[in-house]
Structures are given as structure tokens and as C-alpha cells.
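# Topology and contacts: notes
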Amino acid sequence: MSTGTALRDRLRGQVILPEDNGYDEARRVWNGTIDRKPAGIARCAGVADVLAAVRYAREADLPVAVRGGGHNIAGSGTCDGGLVIDLSALKAVRVDPAGRTAWAQPGLLWGELDRETQEFGLAVPGGIVSTTGVAGLTLGGGFGWLHRPYGLTADNLVGADVVTADGRLVRADDDLLWGLRGGGGNFGIVTLFEFRAHPVGPELAAGLIFYRADDLARVVRGYRDLMAAAPDELTCFLVLRRAPAAPFLPEEVHGQPVVAIAACHAGPVEDGVRALAALRELAPPVADLLAPRAYRDFQSMLDGSWTAGFGNYWKAEYLTGIPDTMLDVLAEYLRDITSPLSDFKLVVLGGAAARVAPGATAVAHRDAPYVLNINSRWALPGDAEPHVTWTRRLWEAMRPFSAGGTYVNFLGDEGPDRVRAAYDEATYQRLVDLKTRYDPDNVFRINQNIGPRSGG
Ligand SMILES: Cc1cc2nc3c(=O)[nH]c(=O)nc-3n(C[C@H](O)[C@H](O)[C@H](O)COP(=O)(O)OP(=O)(O)OC[C@H]3O[C@@H](n4cnc5c(N)ncnc54)[C@H](O)[C@@H]3O)c2cc1C
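No experiment lies behind these values; they were computed from the predicted model shown. (Residues numbered from 1 in each chain as written. Predicted model: local features only at pLDDT ≥ 70, side-chain atom pairs only at ≥ 80, totals over all residues.)

## Considerations on the sheet that holds strand β9 (residues 169–171)
- Pairing is antiparallel across the open sheet formed by 5 strands, whose spatial order is β5-β6-β10-β8-β9. Each edge of the sheet is formed by a strand with only one pairing partner; in this case those strands are β5 (93–96) and β9. Strand-to-strand twist in this sheet, taken as the mean axis angle between neighbours without regard to direction, amounts to 15°.
- Pairing of strand β8 (residues 157–163) with β9 involves 3 bridges; the strand directions are antiparallel. Its bridge partner being in β9, Val163 is matched across the sheet by Leu169. (Pairing = 2+ DSSP bridges. Helix = DSSP H or I, 4+ residues; strand = E, 2+ residues; numbered from the N terminus. Axes fitted to C-alpha atoms, helices over the stretch in contact; angles between N-to-C directions.)

## Overview of unusual backbone geometry
- Here Gly201 and Pro202 are connected by a cis peptide whose omega angle stands at 5°.
- Positive phi outside glycine occurs at Arg100, with the angle close to 50°.
- Structurally, the position occupied by Arg100 is in the loop between β5 and β6 (101–104).
- Judged by the 16 C-beta atoms lying within 10 Å of it, Arg100 is partly exposed.
- Residue His365 is not a glycine yet carries a positive backbone phi of 60°.
- Of note, His365 is situated in the loop between α12 (352–355) and β19 (370–378).
- Here His365 falls in the buried class, since 22 other C-beta atoms lie within 10 Å of it. (Buried ≥ 20, exposed ≤ 12 C-beta atoms within 10 Å, placed from the backbone.)

## Description of the domain arrangement of the protein chain
- Here the protein chain is partitioned into domain 1 (4–86), domain 2 (93–199 + 428–438) and domain 3 (203–410).
- In this structure, domain 2 and domain 3 have C-alpha centres spaced 24 Å apart.
- Those elements that place two or more of their residues in the side of domain 2 that touches domain 3 are α4 (110–118), α5 (134–140), α6 (147–150) and α7 (174–180).
- Considered class by class, the residues forming the side of domain 2 that touches domain 3 number 14 nonpolar, 12 polar and 4 charged. (Domains from an automatic or database assignment. Nonpolar A, V, L, I, M, F, W, Y, C, P; charged D, E, K, R; others polar.)

## As for the site of the ligand
- In the vicinity of the ligand there are 35 residues, among which Gly68, Gly69, Gly133, Gly136 and Gly185 approach most closely.
- For the shell around the ligand, the element with the most residues is α5, which contributes 5 residues.
- Residue composition of the shell around the ligand, by class: 15 nonpolar, 19 polar and 1 charged.
- In this structure, the shell around the ligand is formed jointly by two domains, domain 1 (4–86) and domain 2 (93–199 + 428–438), each of which donates at least three residues. (Near = placed C-beta within 6 Å.)

## Thoughts on helix α15 (residues 425–438)
- Given a rise of 1.5 Å per residue, 14 residues ought to cover 20 Å, and the 20 Å separating the end C-alpha atoms of α15 matches this to within 8%.
- Residues of α15 that are buried: Thr427, Leu431, Leu434, Lys435 and Tyr438. Considered in projection along α15, the buried side chains sweep an arc of 100° and stay on one side of the axis. Exposed side chains of α15 directed beyond 90 degrees from the buried face belong to Glu425, Ala426 and Gln429.
- Buried positions along α15 lie against α7. (Expected span 1.5 Å × (residues − 1). Arc of directions from axis to C-beta. Contact = placed C-beta atoms within 7 Å.)

## What about the packing of helix α8 (residues 216–228) against helix α11 (residues 327–335)?
- At their nearest, the axes of α8 and α11 sit 10 Å apart, and the two run at 125° to each other. One element, α8, and the other, α11, form an angle in the oblique class. Of the two possible hands of crossing, α8 and α11 adopt the one that is right-handed. Along the contact surface, α8 presents Leu216, Ala217 and Val220, while α11 presents Leu327, Leu330, Ala331 and Leu334. (Parallel < 35°, antiparallel > 145°, perpendicular 65-115°, else oblique. Left-handed = near helix turned anticlockwise from the far one by under 90°.)

## Here we look at the pairing of strand β18 (residues 343–348)
- Of all 6 residues that make up β18, 5 are buried, and the element is covered over most of its length.
- Pairing analysis gives 5 bridges linking strand β13 (residues 234–242) to β18, with the strands arranged antiparallel. Looking across to β18, one finds that Arg241 is bridged to Asp343.
- Relative to β19, β18 runs antiparallel, the two sharing 6 bridges. Paired with Leu346 across the two strands is Leu372, which belongs to β19.

## What to know about the sheet that holds strand β2 (residues 40–43)
- Ordered by their spatial adjacency, 4 strands build an open sheet running β1-β2-β4-β3, and the pairing between neighbours is mixed. One side of each edge strand has no neighbouring strand; the edge strands of this open sheet are β1 (14–16) and β3 (64–67). Mean inter-strand twist for the sheet, computed between neighbouring axes without regard to direction, equals 20°.
- With 4 bridges joining them, β3 and strand β4 (residues 83–86) adopt parallel strand pairing. Across the sheet, Arg67 pairs through a bridge with Asp86, a residue of β4.

Structural data, given as C-alpha cells:
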């Protein structure tokens, strides 16, 4: 960026250019397969910097990538040859315990927000890994341990300050807020999120339980039946993977396919202990880590398996259910899984997340009872091909059970049809209208893009 020094004059925060120390670190995102070289990185120190960076990018005709926590699998938090507007330094939080409201800046990670809200026994529903960014996860929807009792993260977004494509700061009106609840980063840069928070923990019953792959059919059937009748407080992720060489697992299963359930009961500890006990009846466990624990500890329990810098290739699909005809597919692809770091998950939806009326937010497919998330992951440098092929084949094999859509936050670089598949038609058209109103030139296009109407 030959004029990068001009941007430096306009920003209170740091501007990192290709010739600077720290450029390689600053351009990196969570997914290690992404290797993009932006013309510059504007690490904003405040809202004025975000405004200045947007205006600068427009004057210099530079593509804009927006970075919150940097976890996006498609790598949309960075770009080639454009300006990265990096919000990672913006980490202020304010919690109003009496009003059960939390205001969060866009550089916060979930663990950081939880640290503040849990001080008051509150939580905003977030994701299942504490290092994921609050910003991107919220704007795409947000599933986690609390979506059944309290709705998706986006459902708990009650206000936002937004820097628009024409370089203004606005308070989101109802229409814009609707789009921010699931429409991603298409309409502007959120500089402040206002969330509803809920009483959670600080101690609750949660953890992991592992079973042998030979018991897959009983466990999956039992999981399905249990979840069909479960209270909203109970949220589970069924995980199929090879067992890590962890001390809590017997050595004979290390590296072997296993079935695991990660479970969180958000109600009183005694109720949770009783509810989780049912998981022990599905089949004899090979490891049982279900116990009362601090919500924050559970929130970071999986972090070690999801560190940055690995190869990653993901695919996702909403499912109509878990019929018995799916069991052979699950068993086959678990047996053939290509990496000890990969997994695939059947995440139970429902509860409060399903009770939000269709069209009330930009998140679609709320009636699907499960979402499939295939997370291939391997050490770098390494050949991506076997993992990508396994992922695609598994996804194809699961298509007969598809509810006809995908979850936008789990999308890789899969093209416009897959972005459309994240929304129903009415929602998609309303998002296009909103995009046309707020970003007619598609300044914010390095994302799961919703294009404006031409001539709009
Ligand atoms: C290890 C891991 C675990 C995950 N777990 C979950 C989970 O439990 N539940 C779930 O729902 N999802 C989960 N995800 C997916 C996650 O929601 C997306 O990857 C999300 O994009 C991450 O947000 P981020 O801020 O970290 O990412 P970034 O890459 O920084 O941002 C992603 C995109 O969001 C937009 N964006 C970011 N900040 C702003 C802003 N302030 N204003 C406007 N647009 C912005 C931009 O388009 C940006 O490109 C997980 C991802 C990973 C890698």
C-alpha cells in the first residue's frame, strides 16, 4: 500500500504494512490453510479508527476484510491486496447485572466476555470454544451450550452501533438489527454489540462422555430419543472422532474411533446431575467426565483440540432428524476418518432457538432438529486432499437426510449457491434489500456475500 503511511496519519491504532515486523503474524487467521497477503492491516483503537479506515479504503479503492476473532473458516477476516480492518484490540465490556444486559466491543473472544458476565452469574449464549470471536459468531447466528434454554446468540442481540459503507456511525434501527441477526458482516462494521444476558451457573452440570465405536448404533439411537424429550436446559453435541491420547481415556482406545457426547445442563446443579445421568445408560462409557463444574471451565474444555494454525476443511448441513438409515453412514465414515484431529458432530437444536418465529431474524432453518458439522483438521504442512475428499463424501452421503440448508457460520469458500442455502427465499430477498440500502457498492463483500440489487 504505497499510501499506507497516509492511513497511519489518520489512525490512533497501529497500521501494519507488508514491510513491517509483525505483518506475518497480523495477517494470519485461525485456519492455517489461509495464506493471504493484505496491502495493510488497520488495527483500530476505537470507533474513530474504524470510520477512518472505511473512508480510507473507499478513497483508495481497496477491498475491505473485517476481522473480529479471526476464526472464520473461509478466512474472511483477511484478504489479498486489500485493507484488513482489524478489530481485535477493541475489547471493552460493560455489564449491567440488574438489567441483565452486556455491551461488548467487537474484538472480544467468548472467554473474555464470559469472564465479565460470569462475575455476576450471567452469560450471553455463545459458542463451544472460548477463543472464537464474539463478532462473527453473533452475526451468523450462534449455536452453543445455551441455544436451547436462551436462543441463539443473534436472538440475544438487542442493539448495535454500526459503521456503514459510506463511513457513518449509526445506531441500528429495527430493520438493520434484523439483518445483523444472521446476515453476517454484509451491512457494516459493528463497533458495539448490546446483548441480553441470562442467569447461568456459575456452577452447572456439564462435561464429556465417551463410548466405544461398537456401541455407535445404541448410543446414537439413545441420544436421539433422549434429546426428543429433553428439557430446554439440556444441550448436547454428539461427536464422532478418533480418541485422543488423553490421560482420561484408556490406552487401548487411543487413536481408535469413538463416540462422544458433550453435554451442558444450564439449570440447577442437582437437576443437571440427574439429567446427565441418563447419558451413562446409553452404553457402557469408556470415559466419563460428566460432573458439576464452573461454566467458564466447561466453556474452555474443548479449546485444546481447536487451536489455531492447523489445516481445516469444513462442511455443514441442517438435518431433518436421525433416522436408523443414517447409522450405517455414520459408522462407515467414522471407521474411515482420515485424521486423528477431525470429527463430525450432530448438534441438537430446538428449544428456545426453534421457538423464534420464522422471519423474525435473518437466521433460517430453525425447525431443523439437528445440524451436521463436519470438521476436518490436520497438521500443516500436510496433504489436504484425503481430508477434503473424506469430508465431501461424508457430506454427500448425508444429503438424503438434509433439511435443505446450511449454517452460514460453518461455510467455507463454497460459492453463492451455498450462501443462498443458508437462508429461505423470503429472508434472502429481505437481506438483498437491506444490502442494497446499506451497501449498494458491496464494499463489504469479503464474507458470505449477499450482493445488492444491481442499479440499487
Ligand atoms: C474452533 C471454532 C469453534 C467454533 N464454534 C462455533 C460454535 O460453537 N457455534 C457457532 O455458531 N459457530 C462456531 N464457530 C464458527 C464461528 O461462528 C465463525 O467462524 C465466525 O465467523 C467466527 O467469528 P470471528 O469473529 O472469530 O471470525 P472473523 O474471521 O474475525 O470474522 C468473520 C466474519 O464476520 C464478519 N465480522 C467480524 N467482525 C465483524 C464486525 N464487528 N462487524 C461486521 N462484521 C464482522 C466479517 O465478515 C468477518 O469476515 C466456530 C469456529 C471455530 C474456528
